[in-house]
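Next come the chains, spelled out residue by residue.
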Amino acid sequence: MPNYKKIKVIINPSAGSDEPIINTLNDVFHTHDVAWDVSLTHKFGDATRLAKEAVASGQYDLVTGYGGDGTQMEIANGMKGSGVPMAILPGGTGNAMAFELNIPRNLRQAAELICTSQTLKSVDLAKAGDTYFMLRLYSGVEEGQKTSRKQKDKFGILAYPLSIVEMGREFNHAKYRLTIDGETIEEEGIVCFVVNAGSIGGVDLSFDQKIDVGDGLLDLFMIDTSISTLLSATSRFLNIPIDQAGLHYWRGKEIVMEVDPPQTVWVDGEYLGETPITIRSVPAALQIVVP
């Protein structure tokens, strides 16, 4: 028997491919005798509002969303700390959290998982200023310089350092002052990543296979065009145990990022603002259905 007798489904109708979402969900949930209803999003913020309303109503055993990582992040924002489990129905291009948690990318299989799995994983969020995120924050990249989906699909995780090398002449080195759990580190760099979940989505590769979205820690990587940082980054990305793997890499629960000159900051691909900024881990913020 399924753990969840009544489910709220939030669908982003602009996400994913042209597939029969409602028919597929109805078929699976009907087979498992699960009651469910659905709401559609129309603009940014709708998924968070709908998730909050579902949790506050007390009517649902679980809330799930069909959409990409942006939709999943909105739903997570509406559910954090509620104690109501969340599930993921991958419907985006990258689906990084589905990769991270080993959730099937096929809609029918993901729906079946909701009805059959007895397993929940405690998942951390991260908070940057007043914004919560699931995946990653990075600084020092302008809109036209972001690593593209085409680059990620072609080169995998190596797309990040390769794109930095390719565009290195366009970047300015900045002086970073990172205070990690009270310890201050000063280092020059071009891009700094703060990672909560390792998967980059779209391809089954990770920033680092050791990153655990449930360990209560944030992972930091510094990259510039020097051989030292590129060897460090690629060795970690490819899980190669060489001497440089531990360089320009740190872990912590709270990071204060100060940069001279101030740098642009992005959270899960969305513009957040400029440094300085404080980023904190929010341990076990969610319970998510996993295999």
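Just above sits the structure.
Described in the following lines is the structure provided in the data block. (Residues numbered from 1 in each chain as written. Predicted model: local features only at pLDDT ≥ 70, side-chain atom pairs only at ≥ 80, totals over all residues. Heavy atoms only, no water.)

### Topic: the sheet that holds strand β14 (residues 264-267)
Reading across from one edge, β12-β11-β10-β7-β14-β15 is the order of the 6 strands in this open sheet, with antiparallel pairing throughout. This sheet does not close on itself; its edge strands, each paired only once, are β12 (249-252) and β15 (270-274). Going across the sheet, the axis of each strand differs from the next one's by a mean of 20 degrees, ignoring polarity. Pairing of strand β11 (residues 218-223) with β12 involves 4 bridges; the strand directions are antiparallel. Note that in β12 the partner of L220 across the bridge is W250. (Pairing = 2+ DSSP bridges. Helix = DSSP H or I, 4+ residues; strand = E, 2+ residues; numbered from the N terminus. Axes fitted to C-alpha atoms, helices over the stretch in contact; angles between N-to-C directions.)

### Overview of the pattern of salt bridges
Counted by the stated rule, this structure contains 11 salt bridges. Taking the shortest distance from any N to any O, the salt bridge between K8 and D37 comes out at 3.2 Å. One end of the pair, K8, is in strand β1 (residues 6-11); the other, D37, is in strand β2 (residues 35-40), with 29 residues separating them in the sequence. Taking relative accessible area as the criterion, D37 reaches 24% and is therefore assigned partly exposed. Its salt-bridge partner being D219, residue R251 comes within 3.0 Å of it at the nearest N-O pair. Of this pair, R251 sits in strand β12 while D219 sits in strand β11; the two residues are 32 residues apart in sequence, bridging distant segments of the chain. Among the residues examined, R251 registers a relative accessible area of 36% and is labelled partly exposed. (Salt bridge = Lys/Arg side-chain N within 4 Å of Asp/Glu carboxyl O. Buried < 20%, exposed > 50% of the residue type's maximum accessible area, 1.4 Å probe, protein only.)

### Concerning the environment of E74
Within the element layout of this structure, E74 appears in helix α3 (residues 69-79). The buried category is assigned to E74, whose relative accessible area is 13%. Once residues lying within four places of it in the same chain are set aside, the contact partners of E74 are F44, G45, D46, A47 and T48. (Contact = heavy atoms within 4.5 Å.)

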